[in-house]
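A structural walkthrough
Single-letter residue listing:
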Amino acid sequence: MTTIRDGLVARGHPVLTFNYPYTEAGRRFPPDRRDVLLACHRAAAEWLRARFPGIVMAGRSMGGRMASYLAAAGEPCSGLVLYAYPLHPAGKPDRLRADHLPVVGVPMLFFTGSRDALALPHLVDRWLAPLDRATIEIIPDADHSFRVPKRSGRSFEQVMECMVARTSDWMSALVVDADW
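Here's a quick rundown of the structure. Treat the numbers as computed from the prediction; the structure is a model and nothing was measured. (Residues numbered from 1 in each chain as written. Predicted model: local features only at pLDDT ≥ 70, side-chain atom pairs only at ≥ 80, totals over all residues. Heavy atoms only, no water.)

Quick notes on the environment of E75
Locating E75 in the fold gives a position in the loop between helix 4 (62-72) and strand 2 (79-83). Assessed through its relative accessible area of 12%, E75 is described here as buried. Counting along the chain gives 51 residues from E75 to R126, while the straight-line C-alpha distance between them is 26 Å. Setting aside residues no more than four positions away along its own chain, E75 makes contact with R42, A45, E46, R49, M57 and L70. At 2.6 Å, the side chain of E75 and the side chain of R49 are in polar contact. (Helix = DSSP H or I, 4+ residues; strand = E, 2+ residues; numbered from the N terminus. Buried < 20%, exposed > 50% of the residue type's maximum accessible area, 1.4 Å probe, protein only. Contact = heavy atoms within 4.5 Å. Polar contact = N/O pair within 3.5 Å; in protein donor to acceptor, adjacent residues only side chain to side chain.)

Re a nonpolar patch on the surface
A contiguous nonpolar patch, built from L16, F18 and W47 and spanning about 250 Å² of accessible area, is present on the exposed surface. Relative to the helices and strands, F18 is located in the loop between helix 1 (2-10) and helix 2 (21-24). Residue classification places F18 among the partly exposed residues on the basis of a relative accessible area of 31%. (Patch = residues over 30% accessible without salt bridge, like charges linked within 9 Å, V, L, I, M, F, W, Y side chains within 5 Å. Areas by Shrake-Rupley, 256 points an atom, 1.4 Å probe, with all protein chains shown as cover. Salt bridge = Lys/Arg side-chain N within 4 Å of Asp/Glu carboxyl O.)

Points about the packing of aromatic side chains
By the definition in use, this model includes 3 aromatic pairs. Here Y83 and F111 contribute two aromatic rings whose centre-to-centre distance is 5.3 Å and whose plane-to-plane angle is 10 degrees, an arrangement assigned as stacked. Taken as a pair, Y83 in strand 2 and F111 in strand 3 (residues 108-113) lie far apart in primary sequence, 28 residues in all. We classify Y83 as buried; its relative accessible area is 2%. Relative accessible area serves as the criterion here: at 2%, F111 is assigned to the buried category. Relative to F110, the ring of Y85 lies with its centre 5.8 Å away and its plane at 85 degrees, an arrangement referred to as edge-to-face. Residue Y85 is located in the loop between strand 2 and strand 3, and its partner F110 is located in strand 3; the two are separated by 25 residues in the primary sequence. By relative accessible area, F110 is classed as buried at 1%. A cation sits over an aromatic face here: R34 above Y69, 4.1 Å from the ring centre. Between the NZ or CZ atom of R147 and the centre of the ring of F156, over which it lies, the distance is 3.8 Å. (Phe/Tyr/Trp six-rings, centres within 6.5 Å; stacked < 30°, edge-to-face > 60°. Lys NZ or Arg CZ within 6 Å of the ring centre and 35° of its normal.)

Purely geometric stuff here, so don't read any function into it on its own.
Right, dumping it as structure tokens:
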């Protein structure tokens, strides 16, 4: 996320990154309860919105899921950027995390790797692609961390640069539409 943050800032977009309490405490697992994660994400969004109206909420994996829950609940934002949205737990494609997405009232930009174990391609096609406000960017050969094999002919840095450029273009179009 720091690569994406730095790339967006270099393109003139204000960006706030933050840690959830469990990561701030130096823990990797287990994550905090959903209510704690949502409160933290909401506080970060409120802080940024007070300085830059019309924010775009974003997150990678679980952070994107928390942003999407907030947007579905009506948290003010101009859009969502969801990097490696965890559509289901690894190895459990029957436990979908998409029920709330149809009620999100803002445009959504999803980045997902074609080899993401938490977003199997056929489920992305079935559950995300039909969403009215969704734009789906499939990163060929990428896994959940957007790593690509050498045989792809692209480096991780090139993948990140493409994602930054696409995110910037997408957000700039929102800014024009939202009269930021």
